[in-house]
Amino acid sequence: MKQLLQLNNVSKRYPLRLTSASKLLYLFEILLGKGRHKQKTVLSDINLEVHAGRSIGIIGSNGAGKSTLLKIISGIIEPSSGSVRRNCKLAMLIELGAGFDDSKTGYENIFIKSQLLGMSRAEVRQRLNDIIEFSGLGDNIHDPVRHYSSGMVIRLGFSICTAVSPELLITDEVLAVGDESFQKRCIKWIDGYLKNGGTLLMVSHSMYLISRLCPHTVWIKDGKVHLEGESHQVTQAYLSWHQEQRSAGQKQASEQPDDGHYQVKSLRCLDGAGNDQNWFQQPADIELEIILSAPDGRAPVAGISIVRVDRVAVYGITSEQDQIEPTPGAQGEYIYRLRFPDIQLLPGKYQLRAHALDPEGMRVCDNRSLDITFTAQTMEVGMVRLRHEWV
Amino acid sequence: MFNATLKQLLYSELQENFKETILARFWFILEPVLITLVYVFVFATILGSRDTGIAGVNYPEFLVIGLWPWLAISRSIGGSVGLVKQKSSLIKKLNIRSELFLYARTIAQFLIYTATFFIVLLVLSQLGANIYFAGLLVVLPVFLLLWVFTNGIALIISSLAVFIDDFKVIVPLFLTLAFFLMPIIWPAHLLPEHLSFLIDYNPLAVMLDYLRAALLQGQLLPQRGVLYFIPLSLLLYVLGRLLYRRLSRYFLDVV
């Protein structure tokens, strides 16, 4: 397997606030090779290897250093120490609108941008039709880019980048832009690109996309590699860390007396063995445990709903509709358990939502949600499997 | 080094000079002709300093041969000061080495002024100026050498200017002073004896002198000063590159 990229102990430090005078001082420090300036470490000792065909996802919270890492990998900024070895043709799906000349037409800009990216005129001409077709701009390609919408600019930028036929493709949340149909086209293109042996280095906040497109994931936290390995495990660890952070915040908030509410104390999703789980390989049974609390000794009604990640509702039910009474727990808590045997959800990311309703089942007082993902070996499309037979 | 990226940058740099003007490409010729006319009007007609110190040579051709290389040099250097800041939005987003922008700018200026130099010389000779056409042979090598020299200085200035904001005041001022202190608009023989160091120790003055000797007197054989200029320009170029390389990795810390 060809090694495309290798980072050895890469660190990046930025000088803190620079005034005119301190810039001069900084200059002398650079020239003399002494660093006394106060610096902020953005990345420290990152080691990373990318091999052909093994795409890597990069996750982490905002400000963890992901974008700086991508910029170092792509060569826009140089590391303060450590080395980067690039062994392949790489393209960046970052800042897709950069490098266009507003006053020129989309057609002319294809040449301008492609050549900025290092393609020769002959190469551009060869790929011209593909680029125009993929962009889907039609006759607009002969209008000045100044008159394009931001979505159109991005479409043109994406089309040009894809034409470079890179061995390594670097993206940073690029799939979050453009309209839905273009997003789908991008995903489809990336799927095809990966199938043909392409390699992806992707920063994303979508654990779904990361685990779908990249077998390997690196979690960057505070400028360091916090965890790396098989995507499923890393993204799961990341999500549960997030959950902890969030519930720590909520705990603080809930320490203030707030007795006037029916609340969702906890929502757990359990597998058949009774362990917490948010990743299921179909076929699967899932069991939900919802703990609600009531300030007045009256049992609240529990609601549960399932929505897909794009907020399309899949299913909803309340304990009142099924006329179910909760098991009383400690200190005004009420426990509901709900099982979905052989849940027929198709692969994808879903959100479980638990709702605490007042005892009359009229008013929703509190919500809590949990992301779960289903995987399966199936080509069916949609959200749920419907029982069917060919006759 | 001369890859597709540089070609594209050079192309847009050349276009930038006359972009969206009504006369577009005509300015290419019109601008230098107008400049020449004004200088000749001021320094020959009004001030009346017609003696160029070379027998049979009139002021216009004397002026043009000094002025053109200087315009290429000063516009290249002047244009290099804020270049990194000016192009920072691209430097931050695309992995284009920032010195390519500088090369594109200096090459563009030298291409423009070399091309128009030939045109203006042709016009002057049509108007009766005595131009030695054998002297045209040295024009390209001299301009090339001047480009190496200028590019070395531009590399140094543009990289330092990223850290020292005062350069955007200092450099234009320095260029204006240099223009008047060099034998561009005045002939060397008018310089008082005790100020002769202004010419003797000025490498550019030597080159202008050589260009004039070749084109106006047919003396193609370079003097010793010209030979010194070759290692000097190469040295400046190498120094410029080294400094630029050293500093450019910190540009984005500052810009």
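Cut-off values and rules
- Residues numbered from 1 in each chain as written.
- Chains lettered and ligands numbered in written order.
- Predicted model: local features only at pLDDT ≥ 70, side-chain atom pairs only at ≥ 80, totals over all residues.
- Heavy atoms only, no water.
- Helix = DSSP H or I, 4+ residues; strand = E, 2+ residues; numbered from the N terminus.
- Buried < 20%, exposed > 50% of the residue type's maximum accessible area, 1.4 Å probe, protein only.
- Contact = heavy atoms within 4.5 Å.
- Areas by Shrake-Rupley, 256 points an atom, 1.4 Å probe, with all protein chains shown as cover.
- Lys, Arg positive; Asp, Glu negative; His and termini not counted.
- Charge placed at Lys NZ, Arg CZ, Asp CG, Glu CD.
- Patch = residues over 30% accessible without salt bridge, like charges linked within 9 Å, V, L, I, M, F, W, Y side chains within 5 Å.
- Salt bridge = Lys/Arg side-chain N within 4 Å of Asp/Glu carboxyl O.
- Buried area = accessible area lost by both parts, 1.4 Å probe.
- Polar contact = N/O pair within 3.5 Å; in protein donor to acceptor, adjacent residues only side chain to side chain.
- Nonpolar A, V, L, I, M, F, W, Y, C, P; charged D, E, K, R; others polar.
- 1 Å grid on protein atoms, 1.4 Å probe; cavity = no way out; pocket = protein on both sides within 12 Å on 5 of 7 lines; lining within 4 Å.
- Points joined across faces, edges and corners; volume = space filled by probe spheres on them.
- Domains from an automatic or database assignment.
- Pairing = 2+ DSSP bridges.
- Axes fitted to C-alpha atoms, helices over the stretch in contact; angles between N-to-C directions.
- Core = buried A, V, L, I, M, F, W, Y, C linked by side-chain atoms within 4.5 Å.
- Phe/Tyr/Trp six-rings, centres within 6.5 Å; stacked < 30°, edge-to-face > 60°.
- Lys NZ or Arg CZ within 6 Å of the ring centre and 35° of its normal.
- Expected span 1.5 Å × (residues − 1).

Trainee: When you look at the overall build of chain A in this model, what are you seeing that I'm missing?
Mentor: Across its full length, chain A holds eight helices and 18 strands. Considering chain A as a whole, with its 391 residues, one finds that 46% of them fall into the buried category. For chain A, long-range pairs separated by at least 24 residues make up 69% of all intrachain contacts whose partners lie at least 6 apart in sequence. Only carbon and sulfur atoms are counted for the fraction: they give 49% of the accessible area of chain A, which is about 20300 Å². Positive and negative side-chain charges in chain A, numbering 44 and 44 respectively, have mean positions lying 10 Å apart.

Trainee: For this particular structure, what's the right way to read a nonpolar patch on the surface?
Mentor: All names here are of chain B. A surface patch of nonpolar side chains, amounting to about 660 Å² of accessible area, comprises Ile29, Leu30, Val33, Leu34, Leu37, Ile119, Val123 and Leu127. Going through the elements one at a time, α2 (26-46) and α6 (99-126) are the ones with two or more residues in the nonpolar patch. Sort the elements by how many residues they give to the nonpolar patch and α2 lands first, with five residues. Relative to the helices and strands, leucine 37 resides in helix α2.

Trainee: Would you mind showing me how to read the pattern of salt bridges here?
Mentor: Close approach of charged atoms allows side chains of opposite charge to pair. Residue and element names in this part refer to chain A. Summed over the entire model, instances satisfying the criterion amount to 16 salt bridges over all chains. The residue aspartate 101 makes a salt bridge to lysine 104 at a minimum N-O spacing of 3.5 Å. The partner of aspartate 276 in a salt bridge is arginine 268, and the shortest N-O contact between them spans 3.2 Å. You can call aspartate 276 partly exposed: its relative accessible area is 49%. Assessed through its relative accessible area of 28%, arginine 268 is described here as partly exposed. Here the salt bridges share partners, and the residues they tie into one network are Arg268, Asp276, Glu287, Glu289, Arg337 and Arg339.

Trainee: Before we go on, may I ask you to explain the interface of chain A and chain B in this structure?
Mentor: Where interface size is given, it is often the accessible area lost as the parts come together that is meant. Each side of the interface is counted separately: chain A has 39 residues, and chain B has 28 residues. Carbon and sulfur atoms supply 59% of the area that chain A and chain B bury against each other, a total of about 2700 Å² over both sides. Here chain A is connected to chain B by three salt bridges. Linking Glu78(A) and Arg249(B) is a salt bridge whose minimum nitrogen-to-oxygen distance equals 3.9 Å. Where chain A packs against chain B, one counts eleven residue pairs in polar contact (both at pLDDT 80 or more). It is helix α1 (residues 20-32) of chain A that contributes the most residues to the side of chain A that touches chain B, seven residues altogether. Residues that form the side of chain A that touches chain B fall into these classes: 19 nonpolar, ten polar and ten charged.

Trainee: Explain the layout of surface pockets to me, please; I cannot follow it from the model alone.
Mentor: Which parts of space are left empty comes out when a probe the size of a water molecule is rolled across the atoms. All names here are of chain A. Here the largest pocket defines a volume of roughly 1800 Å³. Every residue lining the largest pocket is counted, 43 residues in all, and those nearest its centre are Ile187, Tyr208, Leu209, Arg212 and Gly348. Where the lining of the largest pocket is concerned, the elements lending two or more residues are α6 (180-195), α7 (207-213), α8 (231-254), β17 (348-357) and β18 (364-375). Per-class residue counts for the lining of the largest pocket are 18 nonpolar, 13 polar and twelve charged. Counting contributing residues per domain, the lining of the largest pocket is built from domain 1 (1-88 + 197-245) and domain 2 (256-375), each supplying no fewer than three. Counted as a void, the second largest pocket has a volume near 1000 Å³.

Trainee: Is there a simple way to explain the sheet that holds strand β14 (residues 313-318) of chain A in this structure?
Mentor: The pairing of strands in a sheet comes from backbone hydrogen bonds and takes either a parallel or an antiparallel form. All names here are of chain A. Strand order in this open sheet of five strands is β11-β18-β17-β13-β14, and the pairing throughout is mixed. Sheet topology places β11 (279-281) and β14 at the edges, where each strand pairs with a single neighbour. Each adjacent strand pair in this sheet contributes to an overall mean axis angle of 25°, direction not counted.

Trainee: Where do I start with the nonpolar core in this structure?
Mentor: Soluble globular proteins: nonpolar side chains tend toward being buried together. Residues Leu168(A), Ile170(A), Leu201(A), Trp70(B), Phe117(B) and Phe163(B) are the most contacted members of the largest nonpolar core, which totals 123 residues. Per-element accounting of this core gives the leading share, 16 residues, to helix α7 (residues 136-163) of chain B. With residues up to four places along the chain from it excluded, the contact list for Ile170(A) reads Leu70(A), Ile73(A), Ser74(A), Leu90(A), Ala91(A), Met92(A), Leu93(A), Ile94(A) and Leu201(A). One finds Leu288(A), Tyr334(A), Leu352(A) and Ala356(A) within the second-largest nonpolar core, a separate group that totals 29 residues.

Trainee: Please clarify how the pairing of β14(A) should be interpreted in this entry.
Mentor: Where a strand is regular, its side chains alternate between the two sheet faces. For strand β13 (residues 301-308) of chain A and β14(A), the ladder comprises five bridges, and the chain directions are antiparallel. Residue pairing across strands places Val307(A) opposite Ala313(A), the latter belonging to β14(A).

Trainee: Even after reading the chapter, I still don't get the packing of aromatic side chains, so can you show me in this structure?
Mentor: Any two aromatic rings considered together are summarised by their centre-to-centre distance and by the angle between their planes. A full pass over the atoms with the stated rule returns 23 aromatic pairs over all chains. Relative to Phe180(B), the ring of Phe179(B) has its centre 5.0 Å away and its plane inclined at 75°; by these criteria the two rings are edge-to-face. Through pairs of rings, three or more aromatic residues link up here, namely Tyr26(A), Phe163(B), Tyr244(B), Tyr250(B) and Phe251(B). Lying over the aromatic face of Phe100(A), Lys113(A) brings its terminal NZ or CZ to 5.1 Å of the ring centre. Over the aromatic face of Phe62(B) sits the side chain of Arg212(B), whose NZ or CZ is 3.6 Å from the ring centroid.

Trainee: Quick question: what am I supposed to make of the pairing of strand β9 (residues 224-230) of chain A here?
Mentor: Residues and elements named next belong to chain A. Bridge count for strand β8 (residues 216-221) against β9 is six bridges, and the pairing is antiparallel. Bridge pairing in β9 links histidine 216 to glutamate 230. In textbook terms, the turn of a hairpin is the stretch between consecutive antiparallel strands, and for β8 and β9 this stretch comprises two residues, one of which, aspartate 222, has a positive phi near 50°.

Trainee: Hey, could you run me through unusual backbone geometry in this one?
Mentor: Comment: phi is negative for the bulk of residues other than glycine, and the bulk of peptide bonds are trans. All names here are of chain A. For the bond running from glutamine 282 to proline 283, omega is 0°, close enough to zero to count as cis. The topology assignment puts proline 283 in the loop between β11 and β12 (286-293). Here the phi dihedral of glutamine 331 falls at roughly 45°; this positive angle occurs in a residue that is not glycine. Tracing the chain through its elements places glutamine 331 in the loop between β15 (327-328) and β16 (333-340). We note that aspartate 342 has phi near 45°; this positive angle belongs to a residue other than glycine. Tracing the backbone shows aspartate 342 in the loop between β16 and β17.

Trainee: Looking at this structure, I do not really get helix α10 (residues 203-217) of chain B. What am I missing?
Mentor: Think of an α-helix as 3.6 residues a turn; residues three or four steps apart then line up on the same face. Residues and elements named next belong to chain B. Relative to the 21 Å expected for 15 residues at 1.5 Å per residue, α10 spans 21 Å between its end C-alpha atoms, a close match to the ideal helical length. With eleven of 15 residues buried, α10 lies mostly within the body of the structure. Every buried residue belonging to α10 is among Leu204, Ala205, Met207, Leu208, Tyr210, Leu211, Arg212, Ala213, Ala214, Leu215 and Leu216, and all of these are buried. The inward-facing, buried residues of α10 contact α3 (59-80), α6, α7, α9 (197-200) and α11 (224-248). Regarding α10, its N-cap is asparagine 202, as a side-chain oxygen of that residue lies 2.9 Å from the backbone nitrogen of leucine 204 further along. Once α10 finishes, glycine 218 follows within two positions and takes phi at roughly 75°, a positive value.

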